[in-house]
Amino acid sequence: MIPYTVNIKLAARTLTGTLNLQNKTAVDWGWQGLIAQGCHSSILIIDPKTSQTIQVLEKHKANVVKVKWSRENYYHNVSSPYCLRLASGDASGKIIVWDVVSGTAHCEIQEHSKPIQDLEWLWNQDASRDLLLAIHPPNYIVLWNGDTGTKLWKKSYAENILSFSFDPFDPSNMALLTSEGIVFITDFTHSKPPGSAGKKVYIASPHASPAHTKPVPAAAPAPTGAKKALNKVKVLIINEKPTAEAVTLNDCLQLSYLPSKRNHMLLLYPREILILDLELSQTVGVVAIERSGVPFIQVIPCAQRDALYCLHENGCITLRVCRSTTTLEESVHELVYDLRSQCDAIRVTKTVRPYRMVVCPVNENNAALMVSDGRAMLWELKAHTAKAAANPSSGLSPLYSPVSFCGAPLGPNQKRIQDLSLNSMIGQTLIPGEAPPLSSNQQEVQLKFLLTGLLSGLPLPPFAIRMCPPLTTKNINHYQPLLAVGTSNGSVLVYNLTSGLLHKELSVHSCEVRGIEWVSLTSFLSFATSSPNNMGLVRNELQHVDLPTGRCFAFRGERGNDEPPIEMIKVSHLKQYLVVVFRDKPLELWDIRTGTLLREMAKNFPAVTALEWSPSHNLKSLKKKQMAAREAMARQTVSDAEQSSVESSVISLLQDAESKSETSQAISAREHFVFTDTDGQVYHITVEGNTVKDGARIPPDGSMGSIACIAWKGDTLVLGDVDGNLNFWDLKARLSRGIPTHRGWVKKIRFAPGKGNQKLLVMYTDGAEVWDTKEVQMVSSMRIGRNVNYRILDIDWCTSDKVVLASDDGCIRVLEMAMKSASYRMDEQDLTDPVWCPYLLVPRAALTLKAFLLLQPWSGTFTMDITQVDMKSVLLDPVLSLLQRCLLVSRLFGDESDLHFWTVASHYLQAFAQARQLSVLSAEGQTQSDATQPPPQNHLDICHDVLCESSYFQKFQLDRVHLQEVKRSSYEHTKKCADQLLLLGQTDRAVQLLLETSADNSSYYCDSLKACLVTTITSSGPSQSTIKLVATNMIANGKLAEGVQLLCLIDKAADACRYLQTYGEWNRAAWLAKVRLSPAESSDVLKRWAEHLCSPQVNHKSKAILVLLSLGCFYKVGEMLHGMRQFDRAALFIEACLKYGYHTVSQSTVMLQTLAAFLEYARLLRSLGLREGAALWASRAGSAGEQLMEELFQGEGAPKETHL
C-alpha cells in the first residue's frame, strides 16, 4: 500500500502572506459561496466551508484595492450558466474581470491611473448582467460593460467621491459618500448618466460643537454622557454647508442603505452607528459605544432580519439585533439594536490588525474576518435553545426561533437545520400592535459565534527557501513534495506543494533563518545568525531537525557563541558530509551521519567565496566490491548441494538490504568539493571517511570578477561572479566559455533535478533567469520593473520543470520554467478536502445536479448519490414539500433569483390556500372567528417591502411614522410627518401636528386652514366634488403630492394611485395602494405596476412576477415563466400550484399551459441526461408528451407507468 498519492506534476501555485495596507478593502463574499481577497497584486479565492485557497489570480501589476463578485439574480440555464465572475480594481486604476475557474482575465479596463475607489455590478434590470459601475478618483463615476470592456457613460461630480451605496429597494436611488457630505442621486439608470448633480446634504458631525446644533430648551436638565451624544445627533443632515470648525466630516467611515427595510440608511462613525430615516433625513436610532468600549471599523447590515454585524478595532465581531417592541408606549424613543452575540477578539499589535469583515449574503449567519497578517478567520453564528429565563437581569427581550422552516410550518417530527440561515435561526422582529406568536414549538434561542475555520498566510519576508530532495524511482512510494521556508522570526514552515497547505510549523531558531539544507527526505539542517556585537561576532545556530518527530538538536553542540557568522552550509550529494563556511574563519567539515567534526581547517586556509560539492563519487564501485565480498561469504557458508536453490534468494535478500540503506553506515564513499578564494583560484578537495586530501588548483580566469557562486552537475561546472558573468566549463571536453549577462551580481545558481536535465536557474539582485547549459543559451528571464513588480529573495527548483521563487511581497510562487506568473485552472488542482461549489462544474453538469436535487419523483424516495456538504440529511427528508426543496436548493446553489422567487411563491401559495380553506369552512357554517386572516406570525419579512401583506405593511408604516414623530426636530420634519399621517388616514394626529406650527412661520396660515379642512371634511356630495376638482387642478399644475393628499382625505385613494402612476411615481403608488386601499382596488393598482415592469423600456419582468405572486395571480405567473423560457421554474411552480389545489384541470387554457410547461421541462431534463425524470414529466404532458416518450424509449418497449 502506498501511504501517499504522489503527484509528480505539481500545479503552479502561489503561497501568499501578509496583506498590504492597500488591500484593506479588497475582500468580498459572493452569492457563489466563495470569498475573494486581494493580497498585494494577486487575488485569493477562498472556500469558507473547508478553509482552503482554491485559486490565486495573478495579472495585476499594482496592489488590488477592490474586488466584487457578480450577482446571481438571473435565471440560470445552459446559455446563461452558473459561472464565477469577479471584478477587481487595483491601485493603478486598472479593472480586470476574471473567469475564476480557468484563472483567465475576461477583459481589462483602464480609465485613469489612480486607485479604484469602489466597484459594483448592477443588478436592477433583466437585460444585461454585465454592467459594472466604478468610481475612478478623484470624482468620476463610470459605467462599464464588464463583458466587452466598453465604456457606456461617464459622469463627474464636484467633490471627491469615497464610496457609493445603492438603494436595494429602488435601484434608481444611490448615495455617494464624498469628502464633504453625501450626494443623493434619484435618477440613476444604466442607459444614460444621471442628469442632475444630485441632492447634496452635509453631515453635521455628531461631535460638532453644540452651537451648530439646535439649542436645547433651558428648562431641560443638563444631559449627561451618552444622552449628550444623542442630543448632539438630533439634527444631523443639513442642506447648507456647516461652518469650518464644525467640519470634522472625514470621520464618517461608511454609508450604506439598510437592506432589511426601505428608506433607511446607516452612517458609521468610530464610536457610533446612526440609523437615518431618509424620508425625514432624521436620525431614528443610534448605536453608541461607551467611553471604555472598542471603536467600530465597519458594519454590515443584514437583509433577512433587522440586524447589524459590527467589526471593532480589536477584531471582535458583534451581532446587534433590532429590539422588538410590542406596545406603543415602549416604542416612543428610537430604534434600539441590542447586542446579541460577540466573538473573541484577536491580539492587535503594530503589524497585526483587523482589516475587514465579510458576511455570507445567502445565509447571513457566517462572517469572515481578514487580518493584516494574512489570516482569514471564519466565524459561524449558531443558535441554541435557551432556558426560559436565562438572563432576566440583562433586560433584553427574548429571541424566538421561527415556527416555520423554508416557508412552510414544520411537521412535529420533521428535521430542520436551525442554523441554515439567519431567518431560520431567529423569528421576525415584532412591531407595535402585534401579539407575539404563541405556539407549541416556539423556542427561545440564544446566539453564539463559533470559529469554524482559519487560514493563515506566510509571515513577513525575508525568507530562505529549500525544496526537499527530488523524486526518484527509489523514493516514489513515500515521496512528499515538501518545501522548507525559513523566516525572519526563526521558525521554519514546511509546506506540502501538492495541496499548498502548511504541513508543519517548527520553531527552530531564535533569530532570522539564513539557510536550509535537506539531509534526507524527512530531515534538514538550518542555520541562523544573531545580530553582531561590537566586535562583529555573532551567535551561530545550526540545528538538525527531524520532521516526523519534530526532534531538533544543535548540530555543532556547544560551539557557536561569539564567532564570525556562518556564510553558508553545503551538504554533499550522498548526504554524508557537511561543509560550514564562515565569514572570517576557516571552514569546518562535518560527518552528517555521526555528527562529528572531521576537520577544522588551518588558520592559513584561503577565504572561501563560493563552494560546491561534486556530483561524482565512488559509491557504486564500493558497493560492487562489498557485494562481491558478501556473496563470497554467503557461498562459503552454504554447502555445495544446496547452493543452486538458495543462491538466488540470498542474493535478492542482500540486494534488498542494500537498497534499504542507500548509504550503509559501513561504507564511506569518496566525495569531492571545489571552492574559490578571493582571487578567483579554484581549489579541489577530496573527502573519504575521515581523510581529507588537497587536490589540483586551477588558476583564476582573467575575464571573471570575484566568484560569487558555483553549480556542478554531470560534466558541467558553472561559475557566477559579482559582475554578472557566467562561466560554463565542460569538464569532459576541457572547454570553458564565459557569457556576460550584464545583470550585476549573480546571487545564486542551481541546477534542475532529473537525469540529463541541464537547465540552470540563476538569481540576480533584480530578477532571475533560466539557462540551458547544453546549448549555453538563456531559456527565460524575469526582471523587476519589466514584467514583475516584486524583488526576488530566494530561488530553488521544485521539480525538473518548475521553479519556486520567494519574493519581497511576502509570497512564494511555484512557476513554470517560463517564469510567467499565471493563475492555475481550478479543476487541475489537488485539494485536500472536497469543495462544494456548483459554479466549478461545467454548465450542464451544474444544471443536471440542480434538477437531480430538486425532484426525484420517479423513485418515490430521495437519494443522494452526489456527495454533499451540510444539507444532506435535510434534503433526504421525504416529508419536505416541493416548495421547501426548491428553497433549499436555491440556497445551496446561492441562486439569488431562485431564492427570491421561491420565498415569495411558497409564502403566498400557502397563505392563499389557507385563506381559501377558512372561507370554505365559514361557508359551511363554521363560526366566523375561525375564518380570519392567516396567523400573524406567518407574514412575509418586511425586507420584501411592498410584497408583504397589506395588514402587516400598514402596521409597519404606522410604527415608522410614530417613530418619525418622536424624532422630528424642525418644521420640515413636522410637515413631512403630518403629510404621511394624512396619507395613512390618521387624521386626528395629523391635525395636532398641523396646529403646532408657530405663528411666526410663513406657513402658519396655510397649516391652520389645512387643519380646519381636515377636521370638517364631511361626506356630503358638493364638498367632495369641490375637493376633487381642486385636487385634479393641483395635480395638473405640478403639485402632485398636495393633490394626492386631498384625494386621500375624501377616500379617493384609488384615483390618487392612478394619478401617481400616470406621473411615473410607481413606487409611491404601490405604497399608497398597500396602506389605503381595499384588497380588490389595491390589486388593480399593483397589476398595472406589474404591466409597467414588463414593458420593454423598464424590462424588469422578474420583479413583475414577484408582484403578481403577492396578488395570487398564479395562472399569470405560470404563463409568464413559460413565456420567458424558464421551463424548470414554470413546471415546478405549476406542480406546486396543483399540490395546493389551484389550477383545477377543468379549464382548457390552464390545462394547455400546464401540459406545455410539463413537456418543455421534460425536454430540458432529457437534454441534461436525466431520462427517468424526462419520462415522468412527458407522461403527464398529454399527446405531445407521448411523442417525446417514444423518442426517449426507442427500441426499448413501452416504459412502465409512473405517477406522482
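Look up: the structure comes first, before these words.
Below, the structure is looked at part by part.

Analysis parameters
Within every chain, residues take consecutive numbers counted from 1 along the sequence as written. Only residues with pLDDT of at least 70 get local features here, since the model is predicted, and only at 80 or more are side-chain atom pairs given and counted; chain-wide, interface and lining totals rely on the full set of residues. For the side-chain quantities, the full set of heavy atoms in the structure was used; hydrogens and water were omitted. To qualify as a helix, a DSSP run of H or I must reach at least 4 residues; to qualify as a strand, a run of E must reach at least 2; elements of each kind are numbered from the N terminus. Three exposure classes are used, based on accessible area relative to the maximum for each residue type with a 1.4 Å probe and protein chains only: buried under 20%, partly exposed in between, and exposed over 50%. Contact criterion: two residues are considered in contact whenever any of their non-hydrogen atoms come within 4.5 Å of each other. If DSSP finds at least two bridges between two strands, the strands pair. Ring pairs shown here join Phe, Tyr and Trp side chains whose ring centres sit within 6.5 Å, with only the six-membered ring taken for Trp; geometry is labelled stacked below 30 degrees between planes, edge-to-face above 60, and tilted in between. Over a ring means this: the NZ of a Lys or the CZ of an Arg is within 6 Å of the ring centre and within 35 degrees of the ring normal. Axis lines are fitted through C-alpha atoms, for helices just across the contact stretch, and the angle between N-to-C directions can take any value from 0 to 180 degrees. Every case where a carboxyl oxygen of Asp or Glu lies within 4 Å of a side-chain nitrogen of Lys or Arg is listed as a salt bridge. To estimate the expected span of a helix, subtract one from its residue number and multiply by 1.5 Å. The criterion is simple. A nonpolar core is a set of buried Ala, Val, Leu, Ile, Met, Phe, Trp, Tyr and Cys residues joined through side-chain atoms within 4.5 Å. Geometric relationships in this document are graded by angle, where less than 35 degrees denotes roughly parallel, more than 145 denotes roughly antiparallel, 65 to 115 denotes roughly perpendicular, and other angles denote oblique. Helix crossings get a hand from a simple test, with the near helix turned counterclockwise from the far one by less than a right angle marking a left-handed crossing and a clockwise turn marking a right-handed one. In this classification, the charged set is Asp, Glu, Lys and Arg, the nonpolar set is Ala, Val, Leu, Ile, Met, Phe, Trp, Tyr, Cys and Pro, and all remaining amino acids, among them Gly, are polar. Positive: Lys, Arg. Negative: Asp, Glu. His and the chain ends are not part of the count. Counting of polar contacts relies on pairs of N or O atoms within 3.5 Å, with two restrictions inside protein: one atom must be capable of donating a hydrogen and the other of accepting it, and residues adjacent in sequence are counted only when both atoms are side-chain atoms.

1. Considerations on the overall build of the protein chain
When you go through the protein chain residue by residue, the secondary structure sums to 23 helices and 60 strands. Counting across all 1204 residues of the protein chain, residues that qualify as buried make up 54%. Long-range pairs, those at least 24 residues apart, make up 55% of the contacts in the protein chain with a sequence separation of at least 6.

2. Some details on the pairing of strand β43 (residues 577-582)
Counting buried positions over the six residues of β43 gives six, a clear majority of the element. With burial as the criterion, each face of β43 is covered, one bearing Y577, V579 and V581 and the other bearing L578, V580 and F582. Judged from the five bridges that link them, strand β42 (residues 566-571) and β43 form a sheet pairing that is antiparallel. Residue M568 lies in a different strand from β43, and its bridge partner there is V581. Linking two consecutive strands that pair antiparallel, namely β42 and β43, is a turn of five residues; a positive phi of about 60 degrees is found at K575 within it. Linkage of β43 to strand β44 (residues 588-591), two consecutive antiparallel strands, is achieved through a turn of five residues.

3. Concerning unusual backbone geometry
With omega at 0 degrees, the peptide bond leading from P137 into P138 counts as cis. Here P138 is to be found in the loop between β11 (131-136) and β12 (140-145). Between P461 and the following residue, P462, the backbone shows a cis peptide bond with an omega angle of 5 degrees. In the Ramachandran plot, E364 falls in the positive-phi region, its phi being about 55 degrees despite a non-glycine side chain. Of the residues examined, E364 reaches a relative accessible area of 8% and is grouped as buried. In this structure, H742 is a non-glycine residue whose phi angle is positive, near 55 degrees. Checked against the element boundaries, H742 lands in the loop between β53 (735-740) and β54 (746-751).

4. Some remarks on the packing of aromatic side chains
Per the counting criterion, the structure on display carries 20 aromatic pairs. Ring geometry for F605 and F675: centres 5.3 Å apart, planes at 40 degrees, overall tilted. Taken together, the positions of F605 in the loop between β45 (596-600) and β46 (608-617) and F675 in strand β47 (residues 670-677) put the pair 70 residues apart, joining distant regions of the chain. What makes F675 buried here is its relative accessible area of 0%. Where F901 meets W902, the ring centres are 5.0 Å apart and the plane angle is 80 degrees; that geometry is what we call edge-to-face. One exposure class covers both F901 and W902, and it is buried. It is K585 that lies over the ring of F582; its NZ or CZ is 4.5 Å from the centre. Over the ring of W745 we find K747; its NZ or CZ atom is 4.6 Å from the centre of that ring.

5. Some thoughts on the sheet that holds β45
Read from one edge of the open sheet, four strands run β42-β43-β44-β45, paired in antiparallel fashion. Only two strands of the sheet have a single partner each, and these edge strands are β42 and β45. Direction aside, neighbouring strands of the sheet carry axes that sit 20 degrees apart on average.

6. A look at the pattern of salt bridges
Evaluation of the coordinates by the stated rule reveals 49 salt bridges. Close ionic contact of D808 with R791 constitutes a salt bridge, the shortest N to O distance being 3.9 Å. Linking D808 in the loop between β59 (802-807) and β60 (812-816) with R791 in the loop between β57 (777-783) and β58 (792-799), this pair joins segments that are 17 residues apart in sequence. For R791, a relative accessible area of 39% corresponds to the partly exposed category. Connected through shared salt-bridge partners, R556, R559, E563, K585, E588 and E600 make up one network.

7. Looking at helix α10 (residues 971-984)
One full turn of an α-helix is made of 3.6 residues, so residues set three or four places apart face in the same direction. Counted at 1.5 Å a residue, the expected span for α10 with its 14 residues is 20 Å, and the 20 Å between its end C-alpha atoms agrees. The buried fraction of α10 is high, at 10 of 14 residues. Those residues of α10 that fall on the buried side of the exposure criterion are H973, T974, C977, A978, D979, Q980, L981, L982, L983 and L984. Of the surrounding secondary structure, the elements contacted by the buried residues of α10 are β22 (282-288), α9 (950-967), α11 (987-994), α12 (1004-1016), α14 (1040-1049) and α16 (1066-1076). Two residues or fewer after α10 comes G985, characterised by a positive phi angle close to 85 degrees.

8. Regarding the nonpolar core
Membership of the largest hydrophobic core comes to 149 residues, with the highest contact counts inside it found for I45, L86, L1072, L1109 and F1133. Per element, the largest residue contribution to this core is nine residues, and it comes from helix α8 (residues 896-923). Not counting the four nearest positions on each side in its chain, L1109 is found in contact with F901, V904, A905, Y908, F912, F1114, V1117 and F1133. One finds F463, A484, V494 and V804 within the second-largest nonpolar core, a separate group that totals 31 residues.

9. Here's the deal with the packing of helix α17 (residues 1079-1094) against helix α18 (residues 1101-1111)
In the contact formed by α17 and α18, the axes pass within 8 Å of each other and the chain directions differ by 160 degrees. By the angle between their directions, the pair α17 and α18 is classed as roughly antiparallel. As for how α17 packs across α18, the hand of that crossing is left-handed. Between α17, through S1083, L1086, K1087, W1089, A1090, L1093 and C1094, and α18, the contact on the second element is made entirely by K1101, K1103, A1104, V1107, L1108 and L1111. For the contact of α17 with α18, a count of residues per class yields nine nonpolar, one polar and three charged.

10. A short note on the side chain of R320
You can see R320 is positioned in strand β25 (residues 317-322). In this structure, R320 is buried with no salt-bridge partner, the nearest side chain bearing the opposite charge being E290 at 6.9 Å. Once residues within four sequence positions are removed from consideration, R320 is found in contact with V287, F296, D306, A307, L308, C310, H312, Y337, D338, L339 and R340.

11. Things to note about the side chain of Q304
Its place among the elements puts Q304 in the loop between β23 (296-301) and β24 (307-312). For Q304, the side chain forms a polar contact with the main-chain oxygen of V362, separated by 2.9 Å. Other than its neighbours up to four places away in sequence, Q304 contacts V362, N363, E364, S421, L422, N423, R891 and D941.

12. Description of the sheet that holds strand β36 (residues 491-496)
Across a sheet, paired strands are connected by hydrogen bonds in the backbone, their directions being either parallel or antiparallel. The strand order across the open sheet built from four strands is β34-β35-β36-β37, with neighbouring strands paired in antiparallel fashion. Bordering the open sheet on either side are β34 (464-467) and β37 (501-507), each of which pairs with just one other strand. Taking the axes of each pair of neighbouring strands and ignoring which way they run, one obtains an average angle of 20 degrees across the sheet. The sheet contact formed by strand β35 (residues 482-486) and β36 spans five bridges and is antiparallel. Across the sheet, A484 pairs through a bridge with V494, a residue of β36.

13. Examining the packing of helix α15 (residues 1053-1062) against α16
With their axes 8 Å apart at the nearest point, α15 and α16 run at an angle of 165 degrees to one another. As the angle between them shows, α15 and α16 are arranged roughly antiparallel. Read as a crossing pair, α15 and α16 show a hand that is left-handed. Taken together, the residues of α16 that come into contact with α15 (itself represented by A1053, A1056, C1057, L1060 and Q1061) are W1066, R1068, A1069, L1072, A1073 and R1076. Considered class by class, the residues forming the contact of α15 with α16 number eight nonpolar, one polar and two charged.

14. As for α18
Extensive coverage of α18 is indicated by the burial of eight of its 11 residues. Three or more residues of α18 are buried, namely A1104, I1105, L1106, V1107, L1108, L1109, S1110 and L1111. Downstream of α18 by a residue or two, G1112 has a phi angle that is positive, lying close to 80 degrees.

15. A word on the pairing of β24
On any regular strand, side chains alternate: one points to one face of the sheet, the next to the other face. Burial within β24 is extensive, with six of its six residues counted as buried. Where β23 hands over to β24, the hairpin turn is made up of five residues, counted between the paired strands. Where β24 lies against β25, five bridges are found, and the strand directions are antiparallel. Paired with A307 across the strands is V321, a residue of β25. The antiparallel pairing of β24 with β25 creates a hairpin that spans four residues between the two strands, and G315 there sits at a positive phi of about 80 degrees.

16. Remarks on the environment of P270
As for its position among the elements, P270 is in the loop between β20 (264-268) and β21 (272-277). For the pair P270 and L253, spaced 17 residues apart in the sequence, the C-alpha separation amounts to 7.2 Å. Residues contacting P270, with those up to four places away along its chain left out, are D251, L253, I289, P295 and F296.

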